[in-house]
Amino acid sequence: NSFVTRTNTCGELRSAHVGQEVTLYGWIQYQRQGLFLVLRDFQGLTQIIIPQDEAHAHVKKLLSNAPVESVVRVTGIVTPRPPGQENPKMPTGDIEVKAETAEVLNSCKKLPFEIKDFIKKSEALRMQYRYLDLRSFQLQYNLRLRSQIVMRMREYLCNLHGFVDVETPTLFKRTPGGAKEFLVPSREAGKFYSLPQSPQQFKQLLMVGGLDRYFQVARCYRDEGSRPDRQPEFTQIDIEMSFVDQAGIQRLIEGLLQYSWPEERGSITTPFPSMTYEEALANYGTDKPDTRFGMKIADIGDFLRRSDIQFVQDALSYPRGTVKAICIPQGARYLKNKDLESLKESAKSQFNQEIMEIICRPDGSLKSLLTKFLGEKQQSELIRALNMQVDDVVLLAAGEHKRVCSALGSLRLESADLLEAAGLVLRDPTAFHFLWVVDFPLFLPKEENPTELESAHHPFTAPHPSDTSLLYSDPTKVRSQHYDLVLNGNEVGGGSIRIHSAEQQRFVLEKVLKEDSEVLSHLLEALEFGAPPHGGIALGLDRLISLIVDAPSIRDVIAFPKSFRGRDLMGSAPDYVTPEELEPYHIQVSWPLAEKEAKKN
């Protein structure tokens, strides 16, 4: 209550305050028949008794007539609630305040929706009136917890470990590769700034500048269009260190998260487990595995190699050909036929992968199109190999390794959703399973032209020390010194040890990626002036907080988020500007015909 004229907040009064005169400010949450109201502020609720005597008639009239969500000041005496009327669900439930004087500071007009967490509101309406949505308990809690976590992170990095908080520019130039960047016109004809998708180059240049340890709560921008649960502007906890290796960065982040972790979410144990990219793909079908539940992908290629099943033999005859399966526990009991069909259809449409199911009947026998090709002994071996129990359903896929794994990894998550929707709990919602994924490939074939390579992450990532020679002979086989941090199947951070040799960086850009290195001439030149070995990481703050508070969307942990289509529905941004305003930037808008007609009308 420092610096303000209230004596207390609406969430702090207790029996110890009985008899005191207090002044409260807040919003009217609820008012009942001119007898009492509930006053709310950021900290909680207090019940206010509206006086009924003639001497306070003006107070009664004022408070009885004030609409819900009006802002009022109330001064009164704290009294105990009558016996039997205490409310144990309210922290202030043992007391009430008898109003002596009151003032309506601002009346509230008719609301577009009720300010209650349990009232269903459309996402568009919530975003149009975001300032009202922010009054809800859940959003208040999310934003306050976010603030506390960031404060603890600053303490850990700056006060305990000597990091320097540096702000880097948001007006820069286009970076080759990676996500699309927003362009900002300049007054020089044909020249544009770019909003950085991360402070990547600047943090490396700070290491060249000898800062040793850099940190920033960084605003980042990506023009990715309509991607669900992504934001065009987002926040990273951005970190870079000199003279560090991969293990050093990992220990730092584990300590950082342990130090800043909210007490009410339990404790997290370190060190976090680690898994290679190849292991993650083979066992979970993804580079961001949710390790809260089993249903791992099993390789049954060797077992079925001896069978006469034609499609299995066809798959195994190809290089990188494989036969794999996942076992859905109690699938026959919890999943309907239409669920199994939708899983098979999903694999077909997303991955062009055929799926065959095997069901374990109550008598222990198998129901499948495959059984006619397998003798009883082979069926028993299959049951043992997959650890099948009665009512389990196995989904089997044969084909190219990566496609089979990706399809089964996707089906693993989809079937977990279906099982949980049917009442079987697989993933503990209170559990937090962190995981490091390491040894990613340094380069991947381009989707549009598989003969050309692109960086798996970004072009500044150093090759694995054991694979450096392969960079010059067979770059497709090079592993990188990149590491991702995964939490409950979501990527919450990613980083790498960087290339600090100008020669190696130029080779990667020009010879492997076939990029114009001139765009990065400033960075390449900097690396020639005694650049130290360095590495870093960025944590996605929005995603991390949304997982900690179990929010359905990252929009619920951002004060003023953009919509699914990247629009600000409250302020109607982006918006049109006049030709006169565009003139200094040497830009003219070329209107599509349909929009021309719409503007005319």
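A quick note: this is a predicted structure, and the numbers were derived from the prediction, not measured.

A cluster of acidic side chains, namely E21, D53, E54 and E100, defines a negative patch on the protein surface. Residue placement: E100 occurs in strand β5 (residues 95-106). Judged by its relative accessible area of 32%, E100 falls in the partly exposed class.

So, on to the sheet that holds strand β4 (residues 71-80). The sheet built from five strands closes into a barrel, its strands ordered β1-β2-β3-β5-β4 with mixed pairing. Put simply, the sheet's adjacent strands are angled 55 degrees from each other on average, direction ignored. Pairing of strand β1 (residues 21-32) with strand β2 (residues 36-41), which is carried by five bridges, proceeds in the antiparallel orientation. Considered in β2, the bridge of W27 is made with R40.

Here we take up the domain arrangement of the chain. We note that the domain assignment places domain 1 (15-106), domain 2 (141-275 + 434-556) and domain 3 (293-422) within the chain. One C-alpha centre belongs to domain 1, the other to domain 3, and the line joining them spans 63 Å.

Before going further, it helps to examine the sheet that holds strand β14 (residues 356-360). The strand order across the open sheet built from five strands is β12-β13-β16-β14-β15, with neighbouring strands paired in antiparallel fashion. Strands at the two margins of the open sheet, each flanked by one partner only, are β12 (298-299) and β15 (366-367). When strand β13 (residues 321-328) meets strand β16 (residues 393-400), the two strands line up antiparallel, connected through eight bridges. Pairing of A325 across the sheet is with L396, part of β16.

Our next topic: the pairing of strand β20 (residues 482-487). One face of the sheet, then the other: side chains in a regular strand alternate in exactly this way. With six of six residues buried, β20 is to be regarded as a mostly interior element. In the sheet, strand β17 (residues 434-438) pairs with β20 via five bridges, with the strands oriented antiparallel. Across the sheet, F434 pairs through a bridge with L487, a residue of β20. For β20 and strand β21 (residues 490-497), the ladder comprises six bridges, and the chain directions are antiparallel. Residue pairing in the sheet places L487 in a bridge with N490 of β21. Between β20 and β21, which follow one another and run antiparallel, lie two residues, and N488 among them has a positive phi close to 50 degrees.

The end-to-end C-alpha distance of helix α6 (residues 246-260), which contains 15 residues, comes to 21 Å, matching closely the 21 Å that a straight helix rising 1.5 Å per residue would cover. Within α6 the residues assigned to the buried category are Q246, I249, Q250, L252, I253, E254, G255, L256, L257 and S260.

Let us look at the pattern of salt bridges. Note on pairing: side chains with opposite charge can pair once their charged atoms come close. For the structure shown, the criterion picks out 35 salt bridges. With a shortest N-O distance of 3.4 Å, E103 and R73 are connected by a salt bridge. A residue pair is termed long-range when its members are at least 10 positions apart, and E103 in strand β5 and R73 in strand β4 qualify at 30 residues. The class of E103 is partly exposed, set by a relative accessible area of 37%. A relative accessible area of 17% places R73 in the buried class. Residues R305 and D302 are paired through a salt bridge, measuring 3.7 Å at the closest nitrogen-oxygen approach. Under the relative-accessibility criterion, R305 is labelled partly exposed at 44%.

Our next topic: the packing of aromatic side chains. Applying the stated criterion across every chain yields a total of twelve aromatic pairs. Look at Y30 and F36: their rings are 6.2 Å apart centre to centre, the planes differ by 50 degrees, and that puts the pair in the tilted class. Judged by relative accessible area, Y30 falls into the partly exposed class, the value being 38%. Both rings, one in F272 and one in F434, keep their centres 4.5 Å apart while their planes meet at 10 degrees; by these two values the pair is stacked. Pair noted here: F272 is in the loop between α6 and β11 (274-276) and F434 is in strand β17, with a separation of 162 residues, a long-range link. F434 matches F272 in its accessibility class, with the two residues each being buried. Taken together, the aromatic side chains of W261, F272, F432 and F434 make up a single cluster linked through ring pairs. Directly above the aromatic system of F293 lies the positively charged group of R412, at a separation of 3.8 Å from the ring centroid. One Lys or Arg, R427, reaches over the ring of F293 and ends 5.6 Å from the middle of that ring.

Our next topic: helix α7 (residues 277-284). Note: α-helices contain 3.6 residues per turn, so residues at a spacing of three or four share the same orientation. Every buried residue of α7 is listed here: Y277, A280, L281, A282 and Y284. Count one or two residues on from α7 and you reach G285, which has phi positive near 75 degrees.

A separate point is the environment of K173. Mapped onto the secondary structure, K173 falls in the loop between β6 (164-165) and β7 (183-185). Judged by its relative accessible area of 34%, K173 is partly exposed. For the pair K173 and L520, spaced 347 residues apart in sequence, the C-alpha to C-alpha distance is 9.7 Å. When sequence neighbours within four positions are dropped, the list of residues in contact with K173 reads E181, S194, V519 and H522. Within polar-contact distance, the side chain of K173 engages the backbone oxygen of V519 at 3.2 Å.

So, about the layout of surface pockets. Empty space among the atoms can be located by rolling a probe the size of a water molecule over them. Empty space within the second largest pocket amounts to approximately 700 Å³. Listing elements by their share of the lining of the second largest pocket, those giving two or more residues are β1, β2, β3 (44-49) and α4 (137-160). No other element matches β1, which puts five residues into the lining of the second largest pocket. Looking at the lining of the second largest pocket residue by residue, the class counts come to eleven nonpolar, eight polar and eight charged.

Looking along the chain, the bond that leaves T270 and enters P271 is cis, with omega of -5 degrees. Within the secondary structure, P271 is located in the loop between α6 and β11. For the peptide bond that leads from A573 to P574, omega is 0 degrees, which places it in the cis range. Residue placement: P574 occurs in the loop between α17 (541-548) and α18 (579-582). Even without being a glycine, M295 presents a positive backbone phi close to 55 degrees. Mapping M295 onto the fold places it in the loop between α7 and β12. Note on M295: relative accessible area 10%, which makes it buried. Residue N488 is not a glycine yet carries a positive backbone phi of 50 degrees.

This part covers the nonpolar core. In terms of nonpolar packing, the biggest core is built from 50 residues, with I239, I253, L257 and L485 touching the most fellow members. The leading source of residues in this core is α4, at six residues. In this structure, L257 is in contact with M153, I268, F272, F434, L485, L539 and L544, ignoring residues within four places of it in sequence. Grouped together as the second largest cluster of nonpolar side chains are 24 residues, L304, A325, M356 and I358 included.

So, how was this worked out
Residues numbered from 1 in each chain as written. Predicted model: local features only at pLDDT ≥ 70, side-chain atom pairs only at ≥ 80, totals over all residues. Heavy atoms only, no water. Patch = residues over 30% accessible without salt bridge, like charges linked within 9 Å, V, L, I, M, F, W, Y side chains within 5 Å. Areas by Shrake-Rupley, 256 points an atom, 1.4 Å probe, with all protein chains shown as cover. Salt bridge = Lys/Arg side-chain N within 4 Å of Asp/Glu carboxyl O. Lys, Arg positive; Asp, Glu negative; His and termini not counted. Charge placed at Lys NZ, Arg CZ, Asp CG, Glu CD. Helix = DSSP H or I, 4+ residues; strand = E, 2+ residues; numbered from the N terminus. Buried < 20%, exposed > 50% of the residue type's maximum accessible area, 1.4 Å probe, protein only. Pairing = 2+ DSSP bridges. Axes fitted to C-alpha atoms, helices over the stretch in contact; angles between N-to-C directions. Domains from an automatic or database assignment. Expected span 1.5 Å × (residues − 1). Phe/Tyr/Trp six-rings, centres within 6.5 Å; stacked < 30°, edge-to-face > 60°. Lys NZ or Arg CZ within 6 Å of the ring centre and 35° of its normal. Contact = heavy atoms within 4.5 Å. Polar contact = N/O pair within 3.5 Å; in protein donor to acceptor, adjacent residues only side chain to side chain. 1 Å grid on protein atoms, 1.4 Å probe; cavity = no way out; pocket = protein on both sides within 12 Å on 5 of 7 lines; lining within 4 Å. Points joined across faces, edges and corners; volume = space filled by probe spheres on them. Nonpolar A, V, L, I, M, F, W, Y, C, P; charged D, E, K, R; others polar. Core = buried A, V, L, I, M, F, W, Y, C linked by side-chain atoms within 4.5 Å.

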